[in-house]
Amino acid sequence: MEIFGKDIKRPSWIPRWMSFTLVVVVAVIAGLFFIGPNNFMRVVELKKEIKELKTEIKANRDSTNIYEAKTRELNTDKVSLERIAREKYGMKRLNEDVYITEIP
């Protein structure tokens with residue numbers, strides 16, 4: 001085997017079909033898969049994270065739609081607005097008496 005103009009004898013433990021070029025190509029491919037910022041393992045992790053974030057976005061859109069519908073209802077329906085004000089916040093009209101009882 002000749003490298004850079006020098007004749008180098010191949011050790012007996014290296015197979016005959018293996019050449020310096022093959023070793024370099026395999027090393028470069030392995031480097032692309034496992035070393036560096038854009039390696040294969042990192043790409044797989046990022047794709048998994050993207051999938052999780054997309055499901056989270058879908059869930060957030062669904063809850064946003066629910067809250068927008070409730071807001072629209074409160075802005076248009078005065079009866080439901082008054083019911084929520086009375087039940088949740090204990091509000092009353094000027095000439096009313098409200099008694100709150102807790103019965104288990």
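Structure's up top.
Visitor: Could you give an account of the packing of aromatic side chains, naming the residues involved and the relevant values?
Guide: According to the stated counting rule, one finds two aromatic pairs in the structure shown. On the basis of an interplanar angle of 50 degrees and a centroid distance of 6.3 Å, the ring pair of phenylalanine 33 and phenylalanine 34 is categorised as tilted. For phenylalanine 34, a relative accessible area of 57% corresponds to the exposed category. With 5.5 Å between their ring centres and 80 degrees between their planes, phenylalanine 33 and phenylalanine 40 make a pair best called edge-to-face. Phenylalanine 33 sits in the partly exposed class, given a relative accessible area of 39%. Taken together, Phe33, Phe34 and Phe40 form an aromatic cluster joined through their ring pairs.

Visitor: How would you explain the environment of alanine 85 if you had to name every residue and give the values?
Guide: Structurally, the position occupied by alanine 85 is in helix α3 (residues 78-89). As for alanine 85 and leucine 46, which are separated by 39 residues in sequence, their C-alpha atoms are 46 Å apart. For alanine 85, the residues in contact, after removing those within four places along its chain, are Gly90 and Met91.

Visitor: Requested: an account of the side chain of serine 80, with residues and values cited.
Guide: Within the secondary structure layout, serine 80 lies in helix α3. From its side chain, serine 80 meets the backbone oxygen of aspartate 77 in a polar contact 3.1 Å long. The residues touching serine 80, leaving out its near neighbours within four places in the chain, are Glu73 and Leu74.

Visitor: Report on the packing of helix α2 (residues 40-76) against α3, specifying residues and quantitative values.
Guide: Close contact between α2 and α3 brings their axes to 5 Å; oriented N to C, the two are set at 105 degrees. Of the possible angle classes, the one that applies to α2 and α3 is roughly perpendicular. Note on element contacts: α3 touches α2 through Lys78, Ser80, Leu81 and Ile84, opposite Glu73, Leu74, Asn75 and Thr76. Grouping the constituent residues of the contact of α2 with α3 by class yields three nonpolar, three polar and two charged.

Visitor: Break down α3 for me, with residues and values.
Guide: In a regular helix each residue adds 1.5 Å, so twelve residues correspond to 16 Å; α3 covers 16 Å between its end C-alpha atoms and thus fits that length. Residue glycine 90 follows α3 closely and has a positive phi angle near 65 degrees.

Visitor: Provide a residue-level description of the pattern of salt bridges, including the pertinent values.
Guide: Overall, the coordinates contain five salt bridges when judged by the stated rule. A salt bridge links arginine 86 to glutamate 82; its shortest N-O distance comes to 3.1 Å. Of this pair, arginine 86 and glutamate 82 both sit in helix α3, four residues apart, which is roughly one turn of the helix. Here arginine 86 falls in the partly exposed class, since its relative accessible area comes to 30%. For arginine 83, the salt bridge goes to glutamate 87, with nearest N and O atoms at 3.7 Å. Of this pair, arginine 83 and glutamate 87 both sit in helix α3, four residues apart, roughly one helical turn. On the basis of relative accessibility, which here comes to 42%, the residue arginine 83 falls in the partly exposed class. Accessibility expressed as a relative area gives 56% for glutamate 87, which makes it exposed.

What counts and how
Residues numbered from 1 in each chain as written. Predicted model: local features only at pLDDT ≥ 70, side-chain atom pairs only at ≥ 80, totals over all residues. Heavy atoms only, no water. Phe/Tyr/Trp six-rings, centres within 6.5 Å; stacked < 30°, edge-to-face > 60°. Buried < 20%, exposed > 50% of the residue type's maximum accessible area, 1.4 Å probe, protein only. Helix = DSSP H or I, 4+ residues; strand = E, 2+ residues; numbered from the N terminus. Contact = heavy atoms within 4.5 Å. Polar contact = N/O pair within 3.5 Å; in protein donor to acceptor, adjacent residues only side chain to side chain. Axes fitted to C-alpha atoms, helices over the stretch in contact; angles between N-to-C directions. Parallel < 35°, antiparallel > 145°, perpendicular 65-115°, else oblique. Nonpolar A, V, L, I, M, F, W, Y, C, P; charged D, E, K, R; others polar. Expected span 1.5 Å × (residues − 1). Salt bridge = Lys/Arg side-chain N within 4 Å of Asp/Glu carboxyl O.

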